[in-house]
Amino acid sequence: QVELVESGGDLVQAGGSLRLSCAASGNIFGINTMGWYRQAPGKQRELVAVITGGGYLNYANFVKGRFTISRDNAKNTVYLQMNSLKPEDTAVYYCNAGVVEGTIEYDYWGQGTQVTVSS
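Residues numbered from 1 in each chain as written. Predicted model: local features only at pLDDT ≥ 70, side-chain atom pairs only at ≥ 80, totals over all residues. Heavy atoms only, no water.

**Q** Help me understand the pattern of salt bridges, please; the structure alone is not making it clear to me.
**A** If charged atoms from side chains of opposite charge come close, those side chains can pair. Counted under the stated rule, the structure contains three salt bridges. With a shortest N-O distance of 2.8 Å, R38 and D89 are connected by a salt bridge. Of this pair, R38 sits in strand 4 (residues 31-39) while D89 sits in the loop between strand 8 (77-82) and strand 9 (91-101), placing them 51 residues apart in sequence. The residue R66 makes a salt bridge to D89 at a minimum N-O spacing of 2.7 Å. Pair noted here: R66 is in the loop between strand 6 (57-59) and strand 7 (67-72) and D89 is in the loop between strand 8 and strand 9, with a separation of 23 residues, a long-range link. (Salt bridge = Lys/Arg side-chain N within 4 Å of Asp/Glu carboxyl O. Helix = DSSP H or I, 4+ residues; strand = E, 2+ residues; numbered from the N terminus.)

In structure tokens form, the structure reads like this:
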């Protein structure tokens, strides 16, 4: 199994920047895709960005070039650089990892880190 621990969430003013980190431990060799999701109060959890083991990227439309996902395999860490933050970006941000264990793929989730963007 894999444990994911997020950090970097904070209170920031609109237009500011944050960098989220997600450190993975455990069966790191089985990790394929990693990504970031977010969930605002009363809202559905939604995908923010994903990065595959091969380095392919996919972003949600609302990112609009503001966010960048990156991955440091040596450190078993994925990052989300968030620029030009907006109040609507306020949410709990969760790290996700798709992990292959044997022939079965599992999703693992971190505990979340709070991002609050003030007007």
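**Q** Looking at this model, I keep getting lost on the sheet that holds strand 1 (residues 2-7). Mind explaining?
**A** What links the strands of a sheet is backbone hydrogen bonding, and the strands pair in either a parallel or an antiparallel sense. Across the sheet, which stays open at both edges, the four strands sit in the order 1-3-8-7 with antiparallel pairing between neighbours. Edge positions in the sheet fall to strand 1 and strand 7, since each has one partner strand and no second. Strand after strand, the sheet turns through a mean of 15° between neighbouring axes, direction not considered. With six bridges connecting them, strand 1 and strand 3 (residues 18-26) associate as antiparallel partners. Its bridge partner being in strand 3, V2 is matched across the sheet by G26. (Pairing = 2+ DSSP bridges. Axes fitted to C-alpha atoms, helices over the stretch in contact; angles between N-to-C directions.)

**Q** Looking at this structure, I do not really get the packing of aromatic side chains. What am I missing?
**A** Each aromatic ring pair is described using two quantities: the centre-to-centre distance and the angle formed by the ring planes. Scanning all chains against the criterion turns up one aromatic pair. Seen from their ring centres, Y37 and W109 are 4.9 Å apart, and the 70° between their planes marks the pair as edge-to-face. With Y37 in strand 4 and W109 in strand 10 (residues 104-109), the pair connects residues that are 72 residues apart, well separated along the chain. Above the face of the Y94 ring, R45 is positioned so that its terminal group lies 3.7 Å from the ring centre. If you follow R45 out to its NZ or CZ, it ends over the ring of W109, 4.8 Å from the centre. (Phe/Tyr/Trp six-rings, centres within 6.5 Å; stacked < 30°, edge-to-face > 60°. Lys NZ or Arg CZ within 6 Å of the ring centre and 35° of its normal.)

**Q** Is there a simple way to think about the pairing of strand 10 in this case?
**A** Side-chain positions along a regular strand alternate between the two faces of the sheet. As defined by bridge partners, strand 9 adjoins strand 10 across six bridges and the pair is classed as antiparallel. Bridge pairing links G98 to D107 in strand 10. Here strand 9 hands over to strand 10 after two residues, with G102 in that stretch at a positive phi of 70°.

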